[in-house]
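Chains, contacts and geometry: an overview
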Amino acid sequence: MKLQRKTRRALALGALAVSGALALTACGSDDTGAKNNAGTDSSTSAAPNSSIKCDDAKGQLLADGSSAQKNAIDAWVKQFSQACGVQINYKGGGSGAGVTAFTQNQVAFAGSDSALKPEEVTASQKVCTGGGQGIDLPMVGGPIALGYNVPGVDNLVLDAPTLAKIFDSKIKNWDDAAIKKLNPGAKLPNLKIQAFHRSDESGTTDNFTKYLKAATPENWKYEGGKAWQAKGGQAAPQSSGVAQQVKQTEGAIGYFELSYAKDMSTVDINTGAAAPVKATVENATKAIADAKVVGTGSDLALQLNYNTKAEGAYPMVLVTYEIVCDKGNKADTLPATKAFLRYIASEEGQGILTENDYAPIPDAIISKVRTTIDSLS
């Protein structure tokens, strides 16, 4: 019994030590010379009641990219680091920052809410040695929620044309006739609309504007992409920044992932289906299941159907990709990168997504992701 108590106490202290090391890493800068404070042999260790396989994972991983998936990454890192003693510093500086860091050989992997463009694939070939290149692995799904802060309005329905006009500064007040028509029972105030968009390059912006282009091309004439192009509005950095501004600003509306919409009202979308569709994980999954793999070789980039009118399918969705080299990854970080990716693509890892308001990748797609991860070199 004494031995068991000592063992439990040692394990608890070890977990605290890892947690403390992770906190220090997250608060610090991207110092590639940082030490692995855990200092454990992770080749056979695994968390209790967990299927995490650490293999030869060790040391520290630096990563950057999509802020959309940061809440999911944080939950995964907590489990993986406790099991394997590997420090993972994921900055979540936005998809644009992540892709840039990857093509400049600054990170082990990157997160992006948009698949790599041809020119980005070309740039990746300089850092993926031995003829390798960057590939897209779909890992996180979910709805792009529209959070709003309109006093006295707990339920709000909008459609694509109205949203396009709001975010293009053509509808400027909450009691506009177009909004009233969609919400006949609501007491809409005479209040100026404060539309918030991302200030940084963002895959969330890319997917949000792809939805507007697909669903109402006559009202959204912009080219689209990670950088915001419409006139007017207000900007804030990262999903967390937009969400914070919406929470504290009367009359505000902004777009971000559902996991950032805690304690605020979200818009229901009129897609032309029998009833307006709520931003939920289940409704996003219905839309993602309609996606097609359009990448070639090891690349698993998806084509989403933003203009779906299927019953209960929430059309404003995104899929976040983890970006790695198909071959030619850094030898010192490859074991940890593969072990972490293998975990987050596992049934256990994908199960964590629903607990954090994200949508798991459908089985037919995630099974291909697992096979691709095993082949990384």
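Reference entry: report on the structure contained in this document. (Residues numbered from 1 in each chain as written. Predicted model: local features only at pLDDT ≥ 70, side-chain atom pairs only at ≥ 80, totals over all residues. Heavy atoms only, no water.)

**Concerning the overall build of the chain**
A tally of regular secondary structure across the chain gives 12 helices and 13 strands. Looking at the chain residue by residue over its 377 residues, the buried ones come to 54%. Excluding contacts between residues fewer than 6 apart, the proportion of contacts in the chain whose partners are at least 24 apart in sequence is 75%. When the accessible surface of the chain is summed, it comes to about 16,500 Å², and 50% of that surface belongs to carbon and sulfur atoms. (Helix = DSSP H or I, 4+ residues; strand = E, 2+ residues; numbered from the N terminus. Buried < 20%, exposed > 50% of the residue type's maximum accessible area, 1.4 Å probe, protein only. Contact = heavy atoms within 4.5 Å. Areas by Shrake-Rupley, 256 points an atom, 1.4 Å probe, with all protein chains shown as cover.)

**A word on the nonpolar core**
As a rule of thumb, soluble globular proteins bury nonpolar side chains together. Counting residues in hydrophobic clusters, the biggest one holds 103 residues, and the most contacted among them are Trp-76, Phe-80, Met-139, Leu-163, Phe-167 and Ile-253. Among all residues touching Trp-76, those that are not within four sequence positions of it are Met-139, Val-140, Phe-340, Tyr-343, Ile-344, Gly-349, Gln-350, Ile-352 and Leu-353. Core analysis: the next-biggest nonpolar cluster, separate from the first, contains 11 residues, Val-107, Ala-110, Val-121 and Val-127 among them. (Core = buried A, V, L, I, M, F, W, Y, C linked by side-chain atoms within 4.5 Å.)

**Some details on the packing of helix α2 (residues 70-84) against helix α10 (residues 334-345)**
The contact between α2 and α10 brings their axes to 11 Å, and the two run at 115°. The angle between α2 and α10 places the two elements in the roughly perpendicular class. With respect to the hand of their crossing, α2 and α10 are arranged in right-handed fashion. Contacts from Ile-73, Trp-76, Val-77, Gln-79 and Phe-80 of α2 reach α10 at Ala-336, Ala-339, Phe-340, Tyr-343 and Ile-344. Residue composition of the contact of α2 with α10, by class: 9 nonpolar, 1 polar and no charged. (Axes fitted to C-alpha atoms, helices over the stretch in contact; angles between N-to-C directions. Parallel < 35°, antiparallel > 145°, perpendicular 65-115°, else oblique. Left-handed = near helix turned anticlockwise from the far one by under 90°. Nonpolar A, V, L, I, M, F, W, Y, C, P; charged D, E, K, R; others polar.)

**Some points on helix α3 (residues 95-103)**
Taken across its 9 residues, α3 has 7 buried, putting it largely inside the fold. Along α3, the positions that sit buried rather than exposed are Ser-95, Gly-96, Gly-98, Val-99, Ala-101, Phe-102 and Thr-103. Just past α3, the residue Asn-105 takes up positive phi, approximately 65°.

**Things to note about the pattern of salt bridges**
This structure, assessed with the given rule, holds 9 salt bridges. Several salt bridges share partner residues, and in doing so they unite Asp-55, Arg-342 and Asp-374 into one network. (Salt bridge = Lys/Arg side-chain N within 4 Å of Asp/Glu carboxyl O.)

**Overview of the side chain of Thr-162**
Here Thr-162 shows up in helix α5 (residues 160-167). Its relative accessible area of 5% is what places Thr-162 among the buried residues.

**Re unusual backbone geometry**
Phi at Asn-105 is positive, roughly 65°, even though this residue is not glycine. Of note, Asn-105 is situated in the loop between α3 and β3 (109-112). The class for Asn-105 is partly exposed, based on a relative accessible area of 40%. At Asp-357, a residue that is not glycine, the phi angle is positive and equals roughly 65°.

**Description of the packing of aromatic side chains**
For the coordinates displayed, the defined rule picks out 11 aromatic pairs. Through successive ring pairs, a cluster of aromatic residues spans Phe-167, Phe-208, Trp-220, Tyr-222, Trp-228 and Tyr-255. (Phe/Tyr/Trp six-rings, centres within 6.5 Å; stacked < 30°, edge-to-face > 60°.)

**A look at the state of the cysteines**
Applying the stated criterion to the full structure yields 2 disulfides. Put simply, Cys-54 and Cys-84 are joined by a disulfide, and their sulfur atoms are 2.0 Å apart. Its S-S torsion of approximately -85° makes the covalent link between Cys-54 and Cys-84 left-handed. Of this pair, Cys-54 sits in the loop between α1 (2-27) and β1 (60-65) while Cys-84 sits in helix α2; the two residues are 30 residues apart in sequence, bridging distant segments of the chain. (Disulfide = S-S within 2.5 Å.)

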